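Spelled out, the chains give:
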Amino acid sequence: VKEKEQEYVKLTNLLLDNTTKNVAVGQEFNLIANFEPENASNKEIVWTSSEETVATVDENGLVKAVAEGTALITATSKENSEINASCKVIVEKKGIEVEKIKISGANSVKVNSTVELNATVEPENATNKKIIYKSQDESIVTVDEMGYIKAVKSSDEPITVTVKLTYLGQIFTDECKVYVDFNE
């Protein structure tokens, strides 16, 4: 009995798990290539860096941040060089790492009124303090980039307001419940 030959499946696309990545000098991370179709016969790829002085990459997609700057890490199909995918790696000077973020302030607001929430980053001298505020339901409570919340209409249920900060790929969050006071 002769075994059936495996049909050759041509690679049509290549994607990376990240298209942009911010890292600190000295950090390393793995880029993962995803193949389309998943059962492609030839999954051999070549990894390259546009700026070896900023970030290097080995044959397995392990990226090492060497110095401040930007590098484009590219995975290219060995079989067809027109099939490739890239990740922009932004290497930043290592700063003081964020340990946590905490939200405080008013937890109730009257309809058509505005109150301020305060988000604090610890330690106080952490490098990145870019905080993003988000309301669970903007039709009831809005929040701006400075942490001011406004009740648009009343609600029987509290609305969750979340603060988020991303530092070198690590995400820090906290949240609070905001109650809308029915007295306008």
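This structure is a prediction, so every number in the text was calculated from the model and none was measured. (Residues numbered from 1 in each chain as written. Predicted model: local features only at pLDDT ≥ 70, side-chain atom pairs only at ≥ 80, totals over all residues. Heavy atoms only, no water.)

1. Focus: the overall build of the protein
Right, on to step 1. In terms of helices and strands, the protein carries 0 helices and 17 strands.
Right, on to step 2. A compact globule built from 184 residues would reach a C-alpha radius of gyration of about 16 Å, whereas the protein, at 24 Å, exceeds it by more than 25%.
Right, on to step 3. Principal-axis analysis of the C-alpha atoms gives the protein an extent of 80 × 45 × 25 Å.
Right, on to step 4. Across the 184 residues of the protein, 34% fall into the buried class.
Right, on to step 5. When the accessible surface of the protein is split by element, carbon and sulfur atoms take 45% of a total near 11500 Å².
Right, on to step 6. One finds the centroid of the 20 positive side-chain charges in the protein at a distance of 1 Å from the centroid of its 31 negative side-chain charges. (Helix = DSSP H or I, 4+ residues; strand = E, 2+ residues; numbered from the N terminus. Rg over C-alpha atoms; globule rule 2.2 N^0.38 Å. Buried < 20%, exposed > 50% of the residue type's maximum accessible area, 1.4 Å probe, protein only. Areas by Shrake-Rupley, 256 points an atom, 1.4 Å probe, with all protein chains shown as cover. Lys, Arg positive; Asp, Glu negative; His and termini not counted. Charge placed at Lys NZ, Arg CZ, Asp CG, Glu CD.)

2. Observations concerning unusual backbone geometry
Right, on to step 1. Pro 37 follows Glu 36 through a cis peptide bond whose omega is -5°.
Right, on to step 2. In this fold, Pro 37 is placed in the loop between strand 4 (33-36) and strand 5 (45-49).

3. Points about the side chain of Thr 160
Right, on to step 1. As for its position among the elements, Thr 160 is in strand 16 (residues 159-167).
Right, on to step 2. Within the structure, the side chain of Thr 160 is placed 3.0 Å from the side chain of Lys 177, a separation counted as a polar contact. (Polar contact = N/O pair within 3.5 Å; in protein donor to acceptor, adjacent residues only side chain to side chain.)

4. Quick word on the packing of aromatic side chains
Right, on to step 1. By the definition in use, this model includes 0 aromatic pairs.
Right, on to step 2. Against the face of Phe 29 rests Lys 21, its NZ or CZ located 5.2 Å from the ring centre. (Phe/Tyr/Trp six-rings, centres within 6.5 Å; stacked < 30°, edge-to-face > 60°. Lys NZ or Arg CZ within 6 Å of the ring centre and 35° of its normal.)

5. So, the side chain of Ser 77
Right, on to step 1. Positionally, Ser 77 belongs in strand 8 (residues 69-77).
Right, on to step 2. Apart from the residues within four sequence positions on either side, Ser 77 is in contact with Leu 11, Leu 14, Glu 44, Ile 45 and Ile 83. (Contact = heavy atoms within 4.5 Å.)

6. A short note on the pattern of salt bridges
Right, on to step 1. Applying the stated rule across the entire model yields 2 salt bridges.
Right, on to step 2. In this structure, Glu 44 and Lys 78 form a salt bridge, with 3.8 Å as the shortest nitrogen-oxygen distance. Placement of Glu 44 in the loop between strand 4 and strand 5 and of Lys 78 in the loop between strand 8 and strand 9 (84-92) is noted, with a sequence separation of 34 residues between them.
Right, on to step 3. Between Lys 100 and Glu 122 there is a salt bridge, with its nearest N and O atoms 4.0 Å apart. Taken together, the residues Lys 100 in strand 10 (residues 100-105) and Glu 122 in strand 12 (residues 114-122) connect sequence positions 22 residues apart. (Salt bridge = Lys/Arg side-chain N within 4 Å of Asp/Glu carboxyl O.)

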